[in-house]
Amino acid sequence: MDKEQGKTAVSVENLERRFGDFVAVDRISFSVASGEIFGFLGPNGAGKSTTIRMLCGILAPTGGTGTVAGFDIRSQPEFIKTRIGYMSQKFSLYEDLTVEENINFYSGIYRIPANRKRERKEWVIEMADLTEHRSSLTGVLASGWKQRLALGCAVLHEPPVIFLDEPTSGVDPVSRRRFWDLIYELSGSGVTVFVTTHYMDEAEYCDRLGLIYRGELIASGAPEKLKTELMREDVLEVHCDKPHEAMELIAAMPGVKEAALFGRGLHVVTDKGEQVLRDLQATLPAKGFAVERIEPVAASLEDVFVSLVENRDREEEPQREVRR
Amino acid sequence: MNLRRLRAVSRKEFIQIARDPRSLGMAIAIPMLLLLLFGYALTLDVDNVPLVVWDQDGTHESREFISRFTGSPYFSLYRYVENYRDIESAVDAGKALAGLVIPRGFAGRTGSGRKADVQLILDGSDSNTATLAAGYAEAVTLIYSQETVAANFRCLGGVEPLPPLDVRTRVWYNPDLDSKNYIIPGLIAVIMSIIAALLTSLTVAREWERGTMEQLISTPVKVPELVLGKLIPYFTIGLFDVLMAVLMGEFLFQVPLRGNVALLFVMAAVFLSGALSLGMLISIVTKNQLLASQVAIVSTFLPSFLLSGFMYPISTMPQVVQSITYIIPARYFVALLKGIYLKGVGLDILFFEAGLLLLFGCVIVITANVKFRKLLE
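Residues numbered from 1 in each chain as written. Chains lettered and ligands numbered in written order. Predicted model: local features only at pLDDT ≥ 70, side-chain atom pairs only at ≥ 80, totals over all residues.

Attention shifts here to the sheet that holds strand β4 (residues 63-68) of chain A. Residues and elements named next belong to chain A. If you trace the 4 strands from one edge of the open sheet to the other, you get β2-β1-β4-β5, paired in antiparallel fashion. Two strands bound the open sheet, and with one partner strand each, they are β2 (22-33) and β5 (71-72). Here strand β1 (residues 8-19) runs beside β2; their pairing, made up of 8 bridges, is antiparallel. Residue pairing in the sheet places T8 in a bridge with A33 of β2. Set on the sheet, helix α1 (residues 48-55) makes contact with β1, β2 and β4; between it and β1 the angle comes to about 120°. (Pairing = 2+ DSSP bridges. Helix = DSSP H or I, 4+ residues; strand = E, 2+ residues; numbered from the N terminus. Contact = placed C-beta atoms within 7 Å. Axes fitted to C-alpha atoms, helices over the stretch in contact; angles between N-to-C directions.)

Here it is as structure tokens:
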């Protein structure tokens, strides 16, 4: 495995993919350092899977350039395929094969040397906690097991870079946590992990994040950096009764950019934190809401993401009206 | 091409086929079933034509004449009737395909050396059968006439006159003109064309539909490894099907196999490589199981049935249709099987068919490899 830190594992420049008139990925540029866990965060349909497929050499870009593990994504996709592991969004091992048969198959495909075959297979089975299910048909396994087996098959050949496309969607929280432990383990051994997700809590586990929205990369950096530097607004957390009704009232108040349900309370995004704080303290009780507490909080990744997306939409709004 | 990867792919395919006993059973049972069905139903011989008889004469001679019909394998007596209406209703109802009317005075006229007329009524709604039945009837009548003439001469103490011309027919390859002898070999070829394309038409499309292909194309596996690896198990099944068909031909239909059995299987292997690759090519291009299986059936069934020379000889087809038959691989396989089975000839005679079959196989295998792209769209 590639232990050399500081090297670039993935780098793309103006990468673009169109499907007819639709621009799925709009000239994005970023790079991922060797050994990093890079999270690609964005809503469904933002272009995460399209990007990851181009990086894996299974979808041709319509524009831009890029390298993965030192090979060009346009001219050397087959070289890339020897150096990466890929786990697609949909479970894509053979459900009519047993756990062991799936591993044997990919072990043959990746040409694992005969003297390491057994060891790698046992490693996957143990890693995925499938010792008791090694002879079970893959189709009958619970989704958490399936995901871990898929990860195991994708890293059988110990690739320096792995791409995981929403690996934990549809998996229970305990299995998700376990899955992330595995990702850390792999990262700890020097593997570069490129992972897409739409779970905010998972995004926090990444070394660095790219925020993708409507095919565009709208921000990138470490989660802490995104939360502190990119958040221009203040966030107030409001705990009161009937939060749903309160949300509508708050959203209409002057100075409030956005109000959204967050846990049991509300997150209110504003440019003028102190003034809105005072307004809320006055208005909410007056309108008959029992206020528990209102306090400024540090922005969460979700706040950052929502705020960036809203700003982006606001910037694009006038343009779109002109286009109409 | 890496042997380990090839082995991994074909082993995986074998396991998947074995896990799906219904499909495997169908892959083996359907060709046997078709062979049974068509082998028995598709007889082009006309025998046991049901015959309705109105014997107006009712003499020893007329009964003797009728027995020439009913005693032959070509006619079987449906019943005797006493009027035209009953003949008509028997033919209308399809109970009889032919009616024989022997007029009063038949015995008297034939015995005295005068000309007697008999009437034959045929159901022309099946013109093929009617023509053949008319031919049989004429032959039966002719023989009876000759014997009557000879008998009359003998009675008169004369010498039997010799017919001025006598055709000595020798039918080669199929001396009994038994239609199953040429139907079964052709049928094996036709059935295998359909089954082979059908067998592989699902294999690639299924992987695209289930999403397993996306994982596979992200690995360093090479296209020829995938294509060949997937072909090997189906090739085994196909050869087994041919073996079963040949055994059925031998023991069930008793079709004589005059040629070299080894050559037959080598040719079957060449044909299968092309036909299986055709199914896979369809699967590769359509990426959809339902569509692929339909295209596979349509593109093999009718051409191999109608244009392969299996049912209708190619030499009697219009020129345009004849040139179309050159691109139908079943044509060559039909010719090869008929040649090996009936004529017992070898490659010295069949090299043209064998060569084109090999060419077809190579072209399709290469096209399948070229069309298979390790890319999403």
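After that view, the rundown keeps rolling.
Glancing now at the domain arrangement of chain A. Residue and element names in this part refer to chain A. Its domain assignment divides chain A into domain 1 (8-221) and domain 2 (228-323). Each of domain 1 and domain 2 has a C-alpha centre, and these two points are 36 Å apart. Each partner contributes residues to the interface: domain 1 has 8 residues there, and domain 2 has 8 residues. Of all the secondary-structure elements, those providing two or more residues to the side of domain 1 that touches domain 2 are α7 (200-204), β9 (208-213) and β10 (216-221). A per-element tally of the side of domain 1 that touches domain 2 places α7 first, with 3 residues. Here the side of domain 1 that touches domain 2 is composed, by residue class, of 7 nonpolar, no polar and 1 charged. (Domains from an automatic or database assignment. Nonpolar A, V, L, I, M, F, W, Y, C, P; charged D, E, K, R; others polar.)

Residue and element names in this part refer to chain A. Model confidence for chain A is summarised by a mean pLDDT of 90, while 96% of its residues fall at 70 or above. Here helix α11 (residues 301-323) stands out as the least confident element of chain A, with mean pLDDT 75; helix α3 (residues 99-109) is the most confident, with 97. Counted against residues more than four places away or in other chains, residues 1-5, with its pLDDT under 50, gives 12 contacts. (pLDDT = per-residue confidence, 0-100.)

The domains assigned to chain B are domain 1 (3-43 + 178-371) and domain 2 (49-155). Relative to domain 2 of chain B, the C-alpha centre of domain 1 of chain B lies at a distance of 48 Å.

Among the nonpolar cores identified, the biggest contains 160 residues, and I162, V193 and F194 of chain A are the most heavily contacted of them. By residue number, the principal contributor to this core is helix α7 (residues 179-201) of chain B, which donates 15 residues. Counting residues in each nonpolar core, the second largest holds 21 residues, with F65, A96, A116 and A133 of chain B among its members. (Core = buried A, V, L, I, M, F, W, Y, C linked by C-beta atoms within 7 Å. Buried ≥ 20, exposed ≤ 12 C-beta atoms within 10 Å, placed from the backbone.)

Attention shifts here to unusual backbone geometry. Residues and elements named next belong to chain A. The backbone phi angle of R111 is positive, close to 50°, even though this residue is not glycine. Unusually for a residue other than glycine, R214 sits at a positive phi of about 50°. Of note, R214 is situated in the loop between β9 and β10.

What follows deals with the pairing of strand β3 (residues 98-102) of chain B. Residue and element names in this part refer to chain B. Burial analysis of β3 places 4 of its 5 residues in the buried class, the great majority of the element. Of the strand pairs in this sheet, strand β1 (residues 49-55) and β3 are connected by 5 bridges, and their pairing is parallel. Of the residues in β3, the one forming a bridge with L51 is A98. Across 4 bridges, β3 lies against strand β4 (residues 119-122) in antiparallel orientation. Note that in β4 the partner of V101 across the bridge is Q119.

Before going further, it helps to spend a moment on the interface of chain A and chain B. When the parts of a complex come together, some accessible area is lost, and that lost area is often taken as the interface size. Each partner contributes to the interface: chain A provides 22 residues, whereas chain B provides 21 residues. Every element with two or more residues in the side of chain A that touches chain B is listed here: α2 (77-83) and α3 of chain A. In terms of residue count, α3 of chain A provides more of the side of chain A that touches chain B than any other element does, 4 residues in total. In the side of chain A that touches chain B, the residues fall into 11 nonpolar, 4 polar and 7 charged.

All names here are of chain A. Inspection of the secondary structure puts V12 in strand β1. V12 gets classed as buried once you count the C-beta atoms within 10 Å, which come to 24. The sequence separation of V12 and S31 amounts to 19 residues, and the corresponding C-alpha distance is 6.2 Å. Each residue touching V12, except ones within four places of it in the same chain, is listed here: I28, S29, F30, G64 and G66.

For the rest of this paragraph, the subject is helix α11 (residues 261-286) of chain B. Its 26 residues give α11 of chain B an end-to-end C-alpha distance of 37 Å, which sits within 8% of 38 Å, the value for a rise of 1.5 Å per residue. Of the residues trailing α11 of chain B, K287 of chain B is marked for its positive phi of about 55°. (Expected span 1.5 Å × (residues − 1).)

This next bit is on helix α6 (residues 127-155) of chain B. In this model α6 of chain B runs 41 Å from its N-terminal to its C-terminal C-alpha over 29 residues, within 8% of the 42 Å that 1.5 Å per residue would give. G157 of chain B sits one or two residues past α6 of chain B and shows a positive phi near 80°.

Moving on to the sheet that holds strand β6 (residues 84-87) of chain A. Residue and element names in this part refer to chain A. With mixed pairing, the 6 strands of this open sheet are ordered in space as β6-β7-β8-β3-β9-β10. The sheet terminates laterally at β6 and β10, the two strands that pair on one side only. Recorded for the sheet is a direction-independent mean angle of 15° between the axes of neighbouring strands. Note: β6 against strand β7 (residues 161-165), 4 bridges, orientation parallel. Residue pairing for β7: I84 is matched across the bridge by V161.

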